[in-house]
Amino acid sequence: MLTAILIGFMGTGKTTVGNVLAINTQQQQIDLDDEIVSAAGKSIKQVFAEDGEAAFRQLETTVLKTAFKRNGILSTGGGVIESETNRAVLEATEIPIIFLKTLPTVILERLTGEDAAVRPLVGQLGPAGLTRLWKKREPLYESISDLTILTDELTPEEVSEKIETFLAQKSAVE
Ligand code: S3P
């Protein structure tokens, strides 16, 4: 079974934190973006360019549903909350959902030009568009999460520790 799902905007450290958390708790990490690349047989950039964002979102939904049958920590892509189906799936689950929240200024510093090569939306939207998207998505992440962690000033290890404490408290209560 999945033991935690990490959500949040691009550049909030979902994959990095998920990796630390997986190592610390001796579980495997499932990265939804990697699963999409495997399923599509091409890079995310290629899926966006050749098939369009809608096709990418459909694939994301399929891969999300499949991930629920697996064991470990699930790191999602920042746009997983765009689809109503995905939001319904995430709202319905009992698996703890952790929102890694990072303010746009910090995200924009992290998402450098290099990221445009792997994250199509970074290149397409630019700083103002990304900030608008962040504002639109922020309440959606909030509404489906069980824990929000402000990551601006934390290292991935510190974020992971907070998640581990939360998960331990939760399982002690249950
Ligand atoms: C996206 C985020 C990316 C990836 C794709 C679209 C988004 O994942 O799924 O480029 O819509 O925010 P990361 O959040 O891991 O960068």
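What comes next concerns the included structure. All values reported here derive from a predicted model rather than from experimental measurement. (Residues numbered from 1 in each chain as written. Predicted model: local features only at pLDDT ≥ 70, side-chain atom pairs only at ≥ 80, totals over all residues. Heavy atoms only, no water.)

Considering the pattern of salt bridges
- Evaluation of the coordinates by the stated rule reveals nine salt bridges.
- Salt-bridge contacts for Glu50 lead to Lys42; the nearest nitrogen and oxygen are separated by 2.9 Å.
- Salt bridges sharing common partners tie together Lys42, Glu50 and Asp51. (Salt bridge = Lys/Arg side-chain N within 4 Å of Asp/Glu carboxyl O.)

A look at the site of the ligand
- The environment of the ligand is made up of 13 residues, and the closest members are Lys14, Asp33, Arg57, Arg119 and Arg137.
- In this structure, an oxygen atom belonging to the ligand sits 3.2 Å away from a main-chain N or O atom of Gly79.
- Between the ligand and the protein, one listed contact pairs an oxygen atom with a side-chain N or O atom of Arg119 at 2.5 Å.
- Protein contact buries 97% of the 390 Å² of open area that the ligand shows by itself.
- No other element matches helix α8 (residues 120–144), which puts three residues into the shell around the ligand.
- Here the residues of the shell around the ligand sort into five nonpolar, three polar and five charged. (Near = heavy atom within 4 Å. Polar contact = N/O pair within 3.5 Å; in protein donor to acceptor, adjacent residues only side chain to side chain. Areas by Shrake-Rupley, 256 points an atom, 1.4 Å probe, with all protein chains shown as cover. Helix = DSSP H or I, 4+ residues; strand = E, 2+ residues; numbered from the N terminus. Nonpolar A, V, L, I, M, F, W, Y, C, P; charged D, E, K, R; others polar.)

What to know about the packing of aromatic side chains
- Following the criterion strictly, the structure yields two aromatic pairs and no others.
- Considering the side-chain rings of Phe48 and Phe56, the 4.8 Å spacing of their centres and the 45° angle between planes classify their relative orientation as tilted. Phe56 shares its class with Phe48; the two are buried. (Phe/Tyr/Trp six-rings, centres within 6.5 Å; stacked < 30°, edge-to-face > 60°. Buried < 20%, exposed > 50% of the residue type's maximum accessible area, 1.4 Å probe, protein only.)

Let's talk about unusual backbone geometry
- Of note in this structure, Gln26 is not a glycine but carries a positive phi near 50°.
- Along the chain, Gln26 falls in the loop between α1 (14–24) and β2 (29–31).
- Judged by relative accessible area, Gln26 falls into the exposed class, the value being 76%.

A word on the pairing of strand β1 (residues 2–7)
- Summarising burial for β1: five of the six residues are buried, a large majority.
- The pairing of β1 with strand β3 (residues 72–75) spans four bridges and is parallel. Across the sheet, the residue bridging to Leu6 is Ser75, located in β3.
- Judged from the three bridges that link them, β1 and strand β4 (residues 97–101) form a sheet pairing that is parallel. The partner of Ile5 across the bridge, within β4, is Ile97. (Pairing = 2+ DSSP bridges.)

Read these as spatial facts, not as claims about activity.
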